[in-house]
Amino acid sequence: MTPAARVQAAIECLDRILAGAPAEQVLTAWGRASRFAGSGDRAVVRDHVFDGLRARRSLAAIGGGETGRGIMLGLLRRNGENPENLFTGGGYAPEVMSAEERSGGREPVLGAEAADIPDWLWPRFEASLGDEALAAAEALKHRAPVHLRVNIARTDPSGAIAALAREGIAAQPHPAAATALEVTEGARKLRNAAAYRDGLVELQDAASQAVVETLPLKDGMRVLDYCAGGGGKTLAIAARGRFDLFAHDAAPQRLNDLPARAERAGARIKLLDTKALKRAGQFDLILCDVPCSGSGSWRRAPDGKWRLTEAQLTGLLVTQAAILDEAVALLAPGGLLAYATCSVLQDENEEQIQRFAARNSTLSPVFQKRWSLTGGTDGFFAAHLAWATTA
Ligand SMILES: C[S@@+](CC[C@H](N)C(=O)[O-])C[C@H]1O[C@@H](n2cnc3c(N)ncnc32)[C@H](O)[C@@H]1O
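Residues numbered from 1 in each chain as written. Predicted model: local features only at pLDDT ≥ 70, side-chain atom pairs only at ≥ 80, totals over all residues.

- The chain goes by SAM-dependent methyltransferase in an unreviewed UniProt entry, where it is assigned to Seohaeicola zhoushanensis.
- As its UniProt record puts it under Sequence similarities (unreviewed entry), the chain is described as follows: "Belongs to the class I-like SAM-binding methyltransferase superfamily. RsmB/NOP family." (UniProt positions renumbered as here; feature names shortened; annotations may be inferred.)

Written out as structure tokens, the structure reads:
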């Protein structure tokens, strides 16, 4: 595909997403219908679509309209490229620009539009992040770095760096976690690399790893990952020692890939559905990596930024509180309950913990930490709630 044809493909995908279809679904459908597109074409079209979505509002302003064409025009202008070179109308290129498109476009209005945050959310975003709000919003407009977790049950960071280098992938330690690497070259080769296939490394944001690093794990503990999902944190826990480790999720199909991932990593994890969990006894440590707005990881899933509604956020706050209350009942006396989100909103983080502490006197907060988007990781939050008598 020519560069112009790739832009046209991105415009068509963006139009479908703006009409309400989920971004991943649209890109998959485009890929299936475009057998002529090679892997390089697919990667570029995907990058255009995600670059466009991350800064959808400000690019629409710069490009003169919230359409696929407007967003792509905005993206090219923002990046200092002349859209006339690609909007030629020839071959599979976008149609030639209209007079309105040529003269259209403006600077984004300072505030929610320039920050690329929905209007309803901007005041909460600002209140949560204070002086960092603009820098965090800016970070959400750009691609996320590729982070790896070194499986310390199999190798150490320097061993993993050397194994990756043999396959043309350059990586360096990331300061957020002892197990974290940042890929600086060759990220697209990862999925086929032996180091990945053999379970030496896993894809995982450095702050997500750091959340697990904070857990006071000791060999022999009964540990429950209560909201395990794909099992990223369960696997990170497994690598830290010898535990009786269980993974649960309210949507058990989310755990489907975990057995294969665990085998690759050499980890032993028992899966529990909600019925089995009721008979599983008590746990020394429970991690609740709760469903959240995802506001700390919107650069990876920018669709979520524009889909989240105020009512959904309210619903998430209720779910998070209910999960904490459910998990307390599963905790052994003296145990530790850990809470985590990939959100930067206080409502889901510090304030959720404050509300929990106000209604529960058995456990009290003993640790809280935020990972900021400006620190080169996704935005994350973790809190530990300890049995009050042992705190
Ligand atoms: C943030 S994701 C977990 C991500 C995962 N821990 C990881 O590191 O890959 C939150 C998960 O919570 C699950 N969930 C939602 N409500 C729940 C509930 N009431 N009890 C347990 N899990 C729940 C969701 O299905 C989702 O998989």
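### Details of the UniProt feature "active site" (unreviewed entry) in the chain
Part 1 of the argument: The UniProt feature table records "active site" (unreviewed entry) at Cys-342.
Part 2 of the argument: If you trace the backbone, Cys-342 turns up in the loop between strand E9 (331-341) and helix H18 (350-359).
Part 3 of the argument: Those residues in contact with Cys-342, other than ones at most four positions away along the chain, are Cys-292, Gly-294, Gly-296, Ser-297, Asp-378, Gly-379 and Phe-380. (Helix = DSSP H or I, 4+ residues; strand = E, 2+ residues; numbered from the N terminus. Contact = placed C-beta atoms within 7 Å.)

### Concerning the UniProt feature "binding site: S-adenosyl-L-methionine" (unreviewed entry) in the chain
Part 1 of the argument: The UniProt feature table records "binding site: S-adenosyl-L-methionine" (unreviewed entry) at Asp-249, Asp-273 and Asp-289.
Part 2 of the argument: With respect to the helices, strands and loops of the structure, Asp-249 is situated in the loop between strand E6 (244-248) and helix H14 (258-265).
Part 3 of the argument: Contacts of Asp-249, omitting those with residues within four sequence positions, involve Cys-227, Ala-228, Gly-229, Arg-254 and Leu-255.
Part 4 of the argument: By the element assignment, Asp-289 lies in strand E8 (residues 283-289).
Part 5 of the argument: Not counting residues up to four positions away in its chain, the partners in contact with Asp-289 are Cys-227, Lys-233 and Ala-340.

### Side note on the nonpolar core
Part 1 of the argument: Judged by nonpolar contacts, the single largest core of 72 residues is most densely connected at Ala-160, Val-223, Ile-286, Cys-288, Leu-337, Ala-338 and Tyr-339.
Part 2 of the argument: Once you skip the residues sitting within four places of it in the chain, Ala-160 turns out to touch Val-150, Thr-155, Leu-181, Ala-195, Leu-200 and Val-201.
Part 3 of the argument: Formed by 25 residues, the second largest nonpolar core is a distinct cluster that contains Ala-9, Ile-17, Ala-61 and Leu-73. (Core = buried A, V, L, I, M, F, W, Y, C linked by C-beta atoms within 7 Å. Buried ≥ 20, exposed ≤ 12 C-beta atoms within 10 Å, placed from the backbone.)

### Brief notes about the sheet that holds strand E2 (residues 170-173)
Part 1 of the argument: Ordered by their spatial adjacency, four strands build an open sheet running E2-E3-E1-E4, and the pairing between neighbours is antiparallel. This sheet does not close on itself; its edge strands, each paired only once, are E2 and strand E4 (201-203). On average, adjacent strands in this sheet sit at an angle of 40° to one another, irrespective of strand direction.
Part 2 of the argument: In terms of strand pairing, E2 meets strand E3 (residues 180-185) through four bridges, oriented antiparallel. Directly across from Ala-171, in E3, lies its bridge partner Val-183.
Part 3 of the argument: Packing against the sheet, helix H10 (residues 157-165) makes contact with strand E1 (146-150), E2, E3 and E4, and its axis sits at approximately 165° to E2. (Pairing = 2+ DSSP bridges. Axes fitted to C-alpha atoms, helices over the stretch in contact; angles between N-to-C directions.)

### Points about the domain arrangement of the chain
The accessible area lost on association of the parts is a frequent measure of interface size.
Part 1 of the argument: Along its sequence, the chain is organised into domain 1 (3-108), domain 2 (146-203) and domain 3 (210-390).
Part 2 of the argument: Taken together, the contact pairs seven residues of domain 1 with four residues of domain 3.
Part 3 of the argument: Broken down by element, the side of domain 1 that touches domain 3 gets its largest block of residues, three residues, from helix H3 (residues 39-54).
Part 4 of the argument: Grouping the constituent residues of the side of domain 1 that touches domain 3 by class yields five nonpolar, no polar and two charged. (Domains from an automatic or database assignment. Nonpolar A, V, L, I, M, F, W, Y, C, P; charged D, E, K, R; others polar.)

### Considerations on the site of the ligand
Part 1 of the argument: Neighbouring the ligand are 16 residues; Cys-227, Gly-229, Gly-232, Ala-250 and Asp-289 lie closest to it.
Part 2 of the argument: For the shell around the ligand, the secondary-structure elements that each account for two or more residues are helix H13 (232-238) and helix H17 (310-328).
Part 3 of the argument: Of the residues in the shell around the ligand, the class split is seven nonpolar, five polar and four charged. (Near = placed C-beta within 6 Å.)

### Things to note about the packing of helix H2 (residues 23-33) against H3
Two measures define how a pair of helices packs: the angle their axes make with one another and the distance between the axes.
Part 1 of the argument: H3 packs onto H2 with a crossing angle of 155° between their chain directions and a minimal axis gap of 11 Å. By the angle between their axes, H2 is roughly antiparallel relative to H3. Seen along the crossing, H2 lies across H3 with a hand that is right-handed. On H3, the residues touching Ala-23, Leu-27 and Gly-31 of H2 are Arg-42, Arg-46, Val-49 and Leu-53. (Parallel < 35°, antiparallel > 145°, perpendicular 65-115°, else oblique. Left-handed = near helix turned anticlockwise from the far one by under 90°.)

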